[in-house]
Every structure is written in C-alpha cells, then in structure tokens.
Amino acid sequence: MAQEPCQCSDCQRFYKHHDRLIREFPTFKQQQEMNWASIQSFRTLCTKVTDELQRELSERESNDNNSLEEKHISEKEISETLDELESVNAYLYSIEALMERIFDTKVSKNIESKFKEIANELAPDPLNMDRLILNRLFHQTPDSTDKENIS
Ligand SMILES: [Zn+2]
C-alpha cells in the first residue's frame, strides 16, 4: 500500500518549514548551529514567560485588593501553565544536554560538500519519506481522516 502524504494544513506547514531549514542550512555545521539556536531561543522564551507568570501569581496572592480581578488570565490557568512550562523547561534542558554531544562531532569539508549536495536533492522534493515519518510527531489528526485538503 503506497503511503500518501497528508495534505492537511498542519502537515503542509511542516513540509514548508522542513524544506526551508534544509535549503537555508544545508551543511552539518549550519544544522548544528541552527538547532542549537532554536533550542536556546525556545528555552529563553519559556523561561521568561515562566518568570513573568510567577511574578504575577505572587503579586496577586499578596494583594487582597480586588481591583486586579479584571485580568484575563485566571490564577488557575497561571498555576496550571506554570506546571506545564516547568516540564517543558526540563525537557528542553535534556535536549540541550544531548545537543552538546552532537556538537562534539565535526566533519571535513568534503563531507560538508556531500551534505550540501544531498540538501539540494532533498529540499525541492515535496514527498520526501524521511520528512513524512518525522511529521507523524506533529500530526494531530487521526489516521482515519485521510487527506482533508484545506486550501
Ligand atoms: Zn496532516
């Protein structure tokens, strides 16, 4: 049974990002640096938001004045989000540790040329099987929905 690539809007967005990252970062070193920056920026942003939410929560707890109640985020939502962000930050920290191991690897100029060559072949292909397999991670819709083409 031939595997049809899903064409839902989530998947199409993923294909676009995926190809762009191969086209714009076609060497081993560039992929290392880009992925490192991507993990770091995610962590920086999550950490900042966590700090801010913690500050807001403690501010509310120490303030009996009801005048702050017009805020759109409830205390319940803040504490639930803080719990989730705490897990996310822990996962990102683990990924970062693994990324450091990946950074230990260096490849020669000749191998980098190979990377560029393969990147060239991969990026324009809209039906790349490796990408389709990867995208299952992000795919939200169940298998039964087939391809619902949202265009
Ligand atoms: Zn899909």
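These lines cover the structure that appears in this document, whether it is placed above or below. It should be emphasised that the depicted structure is a prediction, and the values quoted were computed from it without experimental measurement.

**Observations concerning the overall build of the protein**
Right, on to step 1. A count of helices and strands for the protein gives five helices and zero strands.
Right, on to step 2. Tracing the protein from N to C terminus, the helices and strands come up as α-α-α-α-α.
Right, on to step 3. For the protein, the proportion of its 151 residues judged to be buried stands at 23%.
Right, on to step 4. For the protein, the exposed surface amounts to about 11500 Å²; the carbon and sulfur share of it is 55%.

**A few points about the pattern of salt bridges**
Right, on to step 1. For the coordinates displayed, the defined rule picks out nine salt bridges.
Right, on to step 2. Among the salt bridges present, the one from arginine 43 reaches glutamate 96, with a minimum N-O distance of 2.4 Å. With a gap of 53 residues between them, arginine 43 in helix α2 (residues 28-61) and glutamate 96 in helix α3 (residues 75-103) connect regions that are remote in the sequence.
Right, on to step 3. Because the salt bridges share partners, they merge into one network encompassing Glu52, Arg55 and Glu59.

**Points about helix α1 (residues 9-24)**
Right, on to step 1. Taking 1.5 Å as the rise per residue, α1 with 16 residues should run 22 Å; its terminal C-alpha atoms sit 22 Å apart, in good agreement.
Right, on to step 2. Taken residue by residue, α1 has Cys11, Phe14, Tyr15, His18, Asp19 and Ile22 as its buried positions. Projected down its long axis, α1 shows its buried positions confined to an angular sector of 125 degrees, all on one face. Exposed residues on α1 whose side chains face more than 90 degrees from its buried face are Lys16 and Arg23.

**With respect to the nonpolar core**
A general tendency of soluble globular proteins is for nonpolar side chains to be buried together.
Right, on to step 1. Among the nonpolar cores identified, the biggest contains nine residues, and these are Ile39, Cys46, Leu53, Leu57, Ile78, Leu82, Leu85, Leu92 and Met99.
Right, on to step 2. Elements represented by at least two residues in this core include exactly α2 and α3.
Right, on to step 3. A per-element tally of this core places α3 first, with five residues.
Right, on to step 4. Grouped together as the second largest cluster of nonpolar side chains are five residues, Cys6, Cys8, Phe14 and Tyr15 included.

**With respect to the environment of glutamate 59**
Right, on to step 1. As for its placement among the helices and strands, glutamate 59 is situated in helix α2.
Right, on to step 2. The exposure class assigned to glutamate 59 is partly exposed, which follows from its relative accessible area of 37%.
Right, on to step 3. Among the polar contacts listed, one links the side chain of glutamate 59 to the side chain of arginine 55, at a separation of 2.9 Å.

**Focus: the packing of aromatic side chains**
Right, on to step 1. Under the definition given, this model contains three aromatic pairs.
Right, on to step 2. Seen from their ring centres, phenylalanine 28 and phenylalanine 115 are 5.4 Å apart, and the 65 degrees between their planes marks the pair as edge-to-face. Residue phenylalanine 28 is found in helix α2, and its partner phenylalanine 115 is found in helix α4 (residues 109-122); the two are separated by 87 residues along the sequence.
Right, on to step 3. Under the relative-accessibility criterion, phenylalanine 28 is labelled buried at 17%.

**As for the packing of α2 against α3**
Right, on to step 1. Two elements in contact, α2 and α3, have axes whose closest approach is 9 Å; the angle formed by their N-to-C orientations is 155 degrees. One finds that α2 runs roughly antiparallel with respect to α3. As α2 runs across α3, the sense of the crossing is left-handed.
Right, on to step 2. Considered class by class, the residues forming the contact of α2 with α3 number 17 nonpolar, nine polar and seven charged.

Calculation notes
- Residues numbered from 1 in each chain as written.
- Predicted model: local features only at pLDDT ≥ 70, side-chain atom pairs only at ≥ 80, totals over all residues.
- Heavy atoms only, no water.
- Helix = DSSP H or I, 4+ residues; strand = E, 2+ residues; numbered from the N terminus.
- Buried < 20%, exposed > 50% of the residue type's maximum accessible area, 1.4 Å probe, protein only.
- Areas by Shrake-Rupley, 256 points an atom, 1.4 Å probe, with all protein chains shown as cover.
- Salt bridge = Lys/Arg side-chain N within 4 Å of Asp/Glu carboxyl O.
- Expected span 1.5 Å × (residues − 1).
- Arc of directions from axis to C-beta.
- Core = buried A, V, L, I, M, F, W, Y, C linked by side-chain atoms within 4.5 Å.
- Polar contact = N/O pair within 3.5 Å; in protein donor to acceptor, adjacent residues only side chain to side chain.
- Phe/Tyr/Trp six-rings, centres within 6.5 Å; stacked < 30°, edge-to-face > 60°.
- Axes fitted to C-alpha atoms, helices over the stretch in contact; angles between N-to-C directions.
- Parallel < 35°, antiparallel > 145°, perpendicular 65-115°, else oblique.
- Left-handed = near helix turned anticlockwise from the far one by under 90°.
- Nonpolar A, V, L, I, M, F, W, Y, C, P; charged D, E, K, R; others polar.

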